[in-house]
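Residue-level structural notes
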Amino acid sequence: MNMIGTSLHSKPRLEDVSPVPLGLIKDLPQLVFHFPDTTWNSADCKQKCYCNNEGVKECTGTDELKECQKIRETCNNETHVLQLTNDTCCPACVPKFKKCQKTFVENRNLTVTTANGLCWSNDLPLHKCAGSCGESSSSVKRQTYDSARNKFSLIMINDCKCCKASVESYKTEFQCENSAKIELKVDTIASCDCSACT
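Heads up: these notes are all about the structure in this document. Note that residues are indexed from 1 along each chain, following the sequence as it is written. Given that the model is predicted, a residue must reach a pLDDT of at least 70 before its local features are reported, and side-chain atom pairs must reach 80 or more before they are shown or counted; all residues, however, enter totals for whole chains, interfaces and linings. Remark: hydrogens and water are excluded; side-chain values derive from all non-hydrogen atoms of the structure.

1. Overview of the state of the cysteines
Put simply, the test is: Here, two cysteine sulfur atoms that lie within 2.5 Å of each other are counted as a disulfide. In DSSP terms, a helix is any run of H or I states spanning at least four residues, a strand is any run of E spanning at least two, and both are numbered starting from the N terminus. Think of it in three bands: with a 1.4 Å probe and only protein chains considered, a residue is buried below 20% of the maximum accessible area for its type, exposed above 50%, and partly exposed in between.
Under the definition given, this model contains 8 disulfides. A sulfur-sulfur separation of 2.1 Å characterises the disulfide bridge that pairs Cys100 with Cys163. One quick way to see it: the torsion about the S-S bond of Cys100 and Cys163 is about 80°, and its sign makes the bridge right-handed. One end of the pair, Cys100, is in the loop between strand E5 (92–95) and strand E6 (101–114); the other, Cys163, is in strand E10 (residues 161–176), with 63 residues separating them in the sequence. According to the relative accessible area criterion, Cys100 is buried, its value standing at 14%. Residue classification places Cys163 among the partly exposed positions, given a relative accessible area of 22%. Here Cys119 connects covalently by a disulfide to Cys176, the sulfurs 2.0 Å from one another. The sign of the S-S torsion, about 100°, decides the handedness of the disulfide formed by Cys119 and Cys176: right-handed. Placement of Cys119 in strand E7 (residues 117–130) and of Cys176 in strand E10 is noted, with a sequence separation of 57 residues between them. Judged on exposure class, the residue Cys119 and its partner Cys176 are both buried. No disulfide involves Cys51; its sulfur sits 9.2 Å from the nearest other cysteine sulfur, which is in Cys49.

This is how it looks when you write it as structure tokens:
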């Protein structure tokens, strides 16, 4: 039984498939077989397809695929990028850069020498501010003539924001080598946000 070009209702057996001469393989279109109770997306990602009870392919549009098409068409390539998902027809539109945020770096033990000798803290979390604050620009506001230098100088406007930390202090206990305990203030990054660059 030659199965090329036929719809399948059950999984093919190797002995049922007629061999194809090697010389003809390069001239054949790429064949894809689908089994009953399975669905797939059309090549243009606009329809969901399945094999009906007669083994004939049927395709219909779906709201899900329309939404996926909208994502592909409206994703802003300047600030975002299409990221593949398990569904090749429905990528995710994600920012090119992570937004400015507070990020954990490591736990760090602080030490200091005081009148009580060497003192140390418990492990304290260390954070950093990282991420994007969007696009920045530097443009010409006006040009002024500088007679001393005999040239026109540029007066610039800078539109940029940087990912900056808000720092707060808190008290923490230090254990000293003479068994004394002392309290010291420690600065920490409380939050991160985008502010004008200086």
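There is more to say, and it comes next.
2. A word on the pattern of salt bridges
Under the convention used in this document: We define a salt bridge as a side-chain nitrogen of Lys or Arg found within 4 Å of a carboxyl oxygen belonging to Asp or Glu.
This structure, assessed with the given rule, holds 2 salt bridges. Arg108 serves as the salt-bridge partner of Glu106, at 2.7 Å between the closest nitrogen and oxygen. A relative accessible area of 32% places Glu106 in the partly exposed class. Where Arg149 meets Asp146, a salt bridge forms, and the shortest distance between an N and an O atom there is 3.8 Å. Accessibility expressed as a relative area gives 60% for Arg149, which makes it exposed.

3. Digging into the pairing of strand E9 (residues 151–159)
The line we're drawing: A pair of strands counts as paired when DSSP detects no fewer than two bridges linking them.
For strand E8 (residues 137–146) and E9, the ladder comprises 9 bridges, and the chain directions are antiparallel. By the bridge assignment, Gln143 is partnered in E9 with Leu154. Once E8 ends, the chain turns through 4 residues before running back antiparallel as E9, passing Asn150 with a positive phi of about 55°.

4. What to know about unusual backbone geometry
With a phi close to 65°, Cys45 is a non-glycine residue in the positive phi region. Topologically, Cys45 is positioned in the loop between strand E1 (39–41) and strand E2 (48–51). Residue classification places Cys45 among the buried residues on the basis of a relative accessible area of 13%. The backbone of Ser179 shows a phi angle near 75°, a positive value even though the residue is not glycine. Tracing the backbone shows Ser179 in the loop between E10 and strand E11 (181–196).

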